[in-house]
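Chain and residue survey
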Amino acid sequence: MKLGLQLGYWGAQPPAGVGELVRAAEESGFDAIFTAEAWGSDAFTPLAWWGRETSRVRLGTSIVQMSGRTPTSIAMHALTLDHLSGGRVVLGMGVSGPQVVEGWYGQPFAKPLARTREVVDIIRQVLAREDKVTNDGPHHPLPYTGEGATGLGKPLKSIVHPLRADIPIWLGAEGPKNVAQTAEIADGWIPIFYTPKSAAMYQPWLDEGFARPGARRTRADFEIAATCHLQIVKDAAEKQGVVDFMKPVIALYMGGMGAKDQNFHKQVFERMGHADLADEVQKLYLSGEKERAAALIPDELVDDMHIIGTEGEVRERVAAWEETGVTTLLLSSHSADEIRRIAEVLA
């Protein structure tokens, strides 16, 4: 199992010290660095900026929001960065949610599975550069002939010859149908809230995708990149402090993300067996009682979702994640020293 550094997306201001984290990850043997986007910083620019001083680590997005760019635009970003980095890009994408897609990007959210399939197909056409890019699907028709069209659009082929004709595409997916489609059409999966205890829930969904005609991958060469916070502590008291620190983050995703009746993250927790807890956390969170919502998150759930413990405990927990089929652990980290220590402990 490989290690990746999850840089995430920015808060109110650009984060400080990221260059040092990236250098430490490269020097310590991490396999990749990943960036994200929400409705502020984008995912591609930080990879180009911070990745320019690296030579080995893969540069991944987790995730690019598909509705924020046309499929051909996403392909242009990926092939450009792939050239600049010498073939190190991993293109992670996802559909986001209706509040962001319709509220921020001004695009319809309907039929996310069909849209995903079209996006992936168009990007692969661009990268393969075997013919001019066309698409007959309703979501991203190429050429466009709908309302307002001039009739002058014509199929095009990328001017730039991609460095690689098949850049790895990983998809963020949560529900059964989305996970199955990911196993069918993608090279890897970026789950959210994947844990050793919940891993068995996903296996039939993945198997369904791998069994479909034309599936690109099998379990043997399909990547699963799970995100968690890993922190080495000296004793139980320090661990409790870290666990308590993580609870507000879990409460945010469980109760505060998305619309009340359509929170895909909450649905993941419900599938994990925490439906009653998720309902109560959401009720408190949406009423403004965020501290009370966070206080409801049990220690056991934090411990399942993240890897927090002494050196020996961390090694045992990492082995448990690996046994479930995880090929890359995407880890958040606050300091270069922390990255070096994690690498040393897990060497």
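These numbers come from a predicted model, not from an experiment. Every residue gets a number counted from 1 within its own chain, in the order that chain's sequence is written. Given that this is a predicted model, residues contribute local features only at a pLDDT of at least 70 and side-chain atom pairs are listed and counted only at 80 or more, while totals for whole chains, interfaces and linings are drawn from all residues. In computing side-chain properties, one takes all heavy atoms of the structure into account and sets aside hydrogens as well as water.

Counting its regular elements, the protein chain contains 14 helices and ten strands. C-alpha atoms define the radius of gyration, and 2.2 Å times the number of residues to the power 0.38 defines the globule rule. In terms of overall dimensions, the protein chain is globule-like: its C-alpha atoms have a radius of gyration of 20 Å, near the 20 Å expected for 347 residues. Taken over the C-alpha atoms alone, the protein chain extends approximately 65 × 45 × 45 Å along its principal axes. The 347 residues of the protein chain split such that 50% are buried. Throughout, a residue-residue contact means that at least one pair of heavy atoms, one from each residue, lies within 4.5 Å. If you take every contact in the protein chain between residues at least 6 apart in sequence, the share linking residues at least 24 apart comes to 73%. The charged-residue count follows a simple rule in which Lys and Arg add positive charge and Asp and Glu add negative charge, with His and chain termini not counted at all. Charge coordinates come from a single atom per side chain, which is NZ of Lys, CZ of Arg, CG of Asp or CD of Glu. Here the protein chain carries 35 positive and 45 negative side-chain charges, and the mean point of each set is 5 Å from the other. Counting from the N terminus, the helices are the DSSP runs of H or I reaching at least four residues and the strands are the DSSP runs of E reaching at least two. Classification of residues uses two cut-offs on accessible area relative to the type maximum, computed with a 1.4 Å probe and protein chains only: under 20% is buried, over 50% is exposed, and between them is partly exposed.

Turning to the packing of helix 8 (residues 236-256) against helix 9 (residues 264-271), a few remarks are in order. Simply put, an axis is a line fit to the C-alpha atoms, just over the touching stretch for a helix, and the angle between two N-to-C directions goes from 0 to 180 degrees. Contact geometry for helix 8 and helix 9: axes closest at 6 Å, N-to-C directions at 105°. Taken together, helix 8 and helix 9 sit at an angle that is classed as roughly perpendicular. Counted together, Ile250, Tyr253 and Met254 of helix 8 and His265, Lys266 and Phe269 of helix 9 form the full contact between these two elements. Class assignment for the residues of the contact of helix 8 with helix 9 results in four nonpolar, one polar and one charged. The labels follow the angle: roughly parallel below 35 degrees, roughly antiparallel above 145, roughly perpendicular from 65 to 115, and oblique for the rest. Each residue is assigned to one of three groups, with Ala, Val, Leu, Ile, Met, Phe, Trp, Tyr, Cys and Pro labelled nonpolar, Asp, Glu, Lys and Arg labelled charged, and all others, Gly among them, labelled polar.

Turning next to the pattern of salt bridges. Here, a salt bridge means any side-chain nitrogen of Lys or Arg that lies within 4 Å of a carboxyl oxygen of Asp or Glu. All chains considered together, the criterion is met by 26 salt bridges. In this structure, the salt-bridge partner of Arg124 is Asp166, at a minimum N-O distance of 3.7 Å. Of this pair, Arg124 sits in helix 5 (residues 112-128) while Asp166 sits in the loop between helix 5 and strand 6 (169-172); the two residues are 42 residues apart in sequence, bridging distant segments of the chain. Since its relative accessible area comes to 39%, Asp166 is described here as partly exposed. Two residues, Lys247 and Asp299, come together in a salt bridge whose shortest N-O distance is 2.6 Å.

All right, on to the environment of Ile122 then. For Ile122, the position within the fold is in helix 5. Each C-alpha atom of the pair Ile122 and Lys234 lies 50 Å from the other, and the pair is 112 residues apart in sequence. Every residue in contact with Ile122, bar those within four places of it in the chain, is listed here: Pro71, Thr72, Val133, Asn135, His140 and Leu142.

Most of strand 10 (residues 328-332) is tucked away, with four of its five residues classed as buried. Strands qualify as paired when DSSP identifies two bridges or more between them. Two strands pair when backbone bridges link them, and strand 1 (residues 2-8) and strand 10 are joined in this way by four bridges, in the parallel orientation. Each residue of the ladder has a partner; that of Gly4, found in strand 10, is Leu330. Alignment of strand 8 (residues 223-232) against strand 10, held across five bridges, turns out to be parallel. Of the residues in strand 10, the one forming a bridge with Cys228 is Leu331.

One number sums up the size of the second largest pocket: a volume of about 390 Å³. Buriedness of a pocket was judged along seven lines, with at least five required to meet protein on both sides within 12 Å; pockets are open sets of points on a 1 Å grid over the protein atoms alone, cavities are sets where a 1.4 Å probe fits but cannot get out, and lining residues have an atom within 4 Å of a point. Around the second largest pocket, the lining comprises 21 residues; the ones closest to its centre are Thr72, Met76, Val133, Leu156 and Lys157. Each residue belonging to the lining of the second largest pocket can be placed in one class, and the counts come to 13 nonpolar, six polar and two charged. Grid points are joined across faces, edges and corners, and a volume is the space filled by probe spheres set on the points.

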